[in-house]
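Working through the structure, step by step
Listed below are the residues making up each chain.
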Amino acid sequence: MSIIKIILTILFSLLISDTFAQTLPLELNNFQTVTSHKQLSSIVKELDSKSEIINVEEIGKSVEGREIFAVKFSKDGFNDKSKLKVLFFAQQHGNEQSGKEGALILAKELIKNENKFLFDRIDFALIPQVNPDGSELNKRRNSNGLDLNRNHLLIEEPEVQAVHNFFAKYNFDVTLDVHEYYPYSEEWKEFGYYKRADEQLGILTNPNISEKIIKYSKEKVLPFISEWLHSRNFSFNEYVVGGPPNIERLRHSTVDINDGRQSFGMLNTLSFILEGKNGKDYYVENIKHRSEAQSQAMLALLFFCYKNYDEINKLIEHERKEILSDNSPVVVQMDHFNDGSKFNLPVTSVSDEKDTVIQVDNYNPLVKKLLEIPQPDAYLVPKASSLSVGFMNNHKIFYHDQTPELGNVEIYNITKIDSIELEGEKFGNPELSIVEKKITDIDAEKYYIVPLNQPKRKILVLAFEPQSMLGLRNYEKFKKLLQAGFDYPIFRYIKD
Ligand SMILES: [Zn+2]
């Protein structure tokens, strides 16, 4: 009787299951060639037609005109406001193939009946490939020769615009940016060990982001993902860059807001970066294992979101409301320091390929605030500065030209530009004096007013302040903003 019952259950589940049974291209070619954009395009279209919970949206096109797809999983058309909105996006870097392959494995996994309960609480969107042009050539950058994961402050490349416009459409609560890291450099070879982790997960580190979100990521999310992967025989550590330890410090990557992790984090999103281990050939070596590891890490985060959906919903909702009234000073200069702790780094020995763990003393997990700037009530941006106005438009920043009748303007006069080194990079550090004027004493109609009570307020401060290590003026095309002997063209407006 019970056997009959089991057989009936299996038959029944097969009947109601989505009938997507296509073998993925990577398996079909015996893991010798990765999935092309054309193949990916036909897979997502088939998923759309065969699965009731899937809806595919074309969110933009690459420089060369290839479609960028978001595969949306939802039981009610992505319209239920109470659902947790989760977005994963992969392969901003075209030579990190396992992100895309892992995303496709994940999609196949998610339409199985046993996983559909996830969408009782989650509306999930998966962008398997942000950079199709780079992927076709197995190259990091897009067809304009730009690193897309350094373009999230300017948001100028069509691929990055596609991701940000899509994010804004649904205001996702959780985001994950999927990458690969390459451990096989000459320096590490000489050191005698390679980093071993199949997967590294990076949490937010910029000190302008909600402390509560950072703490939650550290204490709740990281242990869950670690446990999930270890119990499935994948090695894992929290994302670290730098090293070898005797040459360079280890830190949890950059505080810069121009990447997929911190840019969404700055809006108080529960945001992460995932780094799978690449192959020695930077292409298909070990691609089966790499793709499976990526898909498992992604699945782990989805399960975490399902389990803790109420807690995450409340946290994000609360922290996003906070932003609108948070006029606390913004940290514009910062760096990484040691806090007395050591890092246990899983490695593989170069000589005998044995796995071991080394304890790293040269470890700088602590981000210290080195310079904070009080927020003005608004910035005044010259209407004639097409670059700065373009920046605001790319971000969909709110601005207007109703000049207030009262209040003061602070104008920075750049007296001198020194050099400063932070995060291992040198940049110009201006010495400045502040000239204060009544708003009625300047040619105010030549300026747009950019009020700061909006979600991107801290991004605006970081972008506009001349002393900001992450500011616009550090980008080549914005270089003219900052010139010794001149006034900085963007003014600060203070009420009263
Ligand atoms: Zn990458």
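Residues numbered from 1 in each chain as written. Predicted model: local features only at pLDDT ≥ 70, side-chain atom pairs only at ≥ 80, totals over all residues.

Structural notes on helix α8 (residues 211-230)
With 20 residues, α8 should reach 28 Å at 1.5 Å per residue; the first-to-last C-alpha distance of 28 Å fits that figure. Where α8 bends most, the angle comes to about 35°, and this point is serine 217. For α8, the complete set of buried residues consists of Ile213, Tyr216, Ser217, Val221, Ile225 and Leu229. (Helix = DSSP H or I, 4+ residues; strand = E, 2+ residues; numbered from the N terminus. Expected span 1.5 Å × (residues − 1). Bend = angle between axes of the 7 residues up to and from the residue. Buried ≥ 20, exposed ≤ 12 C-beta atoms within 10 Å, placed from the backbone.)

Comments concerning the pairing of strand β11 (residues 270-277)
Burial of β11 is extensive: eight of the eight residues sit out of reach of the surface. In β11, alternate side chains face the same way, and those of Leu270, Phe272, Leu274 and Gly276 on one face and Ser271, Ile273, Glu275 and Lys277 on the other are all buried.

Brief notes about the sheet that holds strand β13 (residues 343-349)
Overall, antiparallel pairing links the three strands, which are arranged β6-β13-β14 in an open sheet. Edge positions in the open sheet fall to β6 (193-195) and β14 (355-360), since each of these has one partner strand only. Between one strand and the next, the sheet's axes are offset by a mean angle of 50°, whatever the strand orientation. As paired elements, β6 and β13 share three bridges and run antiparallel to each other. Its bridge partner lying in β13, tyrosine 193 is registered against serine 349. (Pairing = 2+ DSSP bridges. Axes fitted to C-alpha atoms, helices over the stretch in contact; angles between N-to-C directions.)

Regarding the sheet that holds strand β7 (residues 199-202)
Read across the open sheet, the eight strands follow the order β1-β2-β4-β3-β5-β11-β7-β8; overall the sheet is mixed. Where the open sheet ends on each side, the last strands, each with one partner, are β1 (54-61) and β8 (236-238). Strand-to-strand twist of the sheet, defined as the mean angle between neighbouring strand axes without regard to direction, takes the value 20°. Of the pairings in the sheet, the one linking β7 to β11 comprises four bridges and is antiparallel in character. Within the sheet, the bridge partner assigned to leucine 201 lies in β11 and is leucine 274. Along the sheet, helix α3 (residues 37-50) makes contact with β1 and β2 (67-73), crossing β1 at roughly 145°. Strand contacts of helix α4 (residues 97-110): β2, β3 (84-90), β4 (122-127), β5 (174-181) and β11, with the helix running at about 135° to β5, the strand carrying the most contacts. (Contact = placed C-beta atoms within 7 Å.)

A look at helix α12 (residues 386-394)
Turning to α12, its buried residues number three or more, namely Ser388, Phe391 and Met392. Along the axis of α12, the buried positions cluster into a sector of 95°, meaning they face one direction only. Residues of α12 that are exposed and angled more than 90 degrees away from the buried face: Ser386 and Asn393. Of the surrounding secondary structure, the elements contacted by the buried residues of α12 are β16 (378-382), β19 (447-451) and α13 (457-464). Of the residues trailing α12, lysine 396 is marked for its positive phi of about 55°. (Arc of directions from axis to C-beta.)

Some remarks on the pairing of strand β12 (residues 330-337)
Within β12, six of the eight residues are buried, which leaves it mostly tucked inside the rest of the structure. Summarising the sheet, β12 and strand β15 (residues 366-373) pair through seven bridges and their orientation is antiparallel. Of the residues in β15, the one forming a bridge with methionine 334 is lysine 369.

Considerations on the domain arrangement of the chain
How large an interface is tends to be reported as the accessible area lost when its parts come together. Considered domain by domain, the chain is made up of domain 1 (19-332) and domain 2 (375-494). Just the C-alpha atoms count here: the centres of domain 1 and domain 2 sit 33 Å apart. With 20 residues of domain 1 at the contact, the number on the domain 2 side is 21 residues. Those elements that place two or more of their residues in the side of domain 1 that touches domain 2 are α6 (158-170), α11 (309-325) and β12. Per-element accounting of the side of domain 1 that touches domain 2 gives the leading share, three residues, to α11. Partitioning the side of domain 1 that touches domain 2 into residue classes produces 13 nonpolar, four polar and three charged. (Domains from an automatic or database assignment. Nonpolar A, V, L, I, M, F, W, Y, C, P; charged D, E, K, R; others polar.)

As for unusual backbone geometry
Geometrically, the link from glycine 243 to proline 244 is a cis peptide bond, its omega value of 0° lying close to zero. The topology assignment puts proline 244 in the loop between β9 (241-242) and β10 (250-251). Backbone geometry at isoleucine 155 places phi at a positive 45°, although glycine is not the residue there. Locating isoleucine 155 in the fold gives a position in the loop between α5 (132-136) and α6. Look at glutamate 423: it is not a glycine, yet its phi comes out positive at around 50°. Following the sequence through the fold, glutamate 423 ends up in the loop between β17 (408-422) and β18 (425-438).

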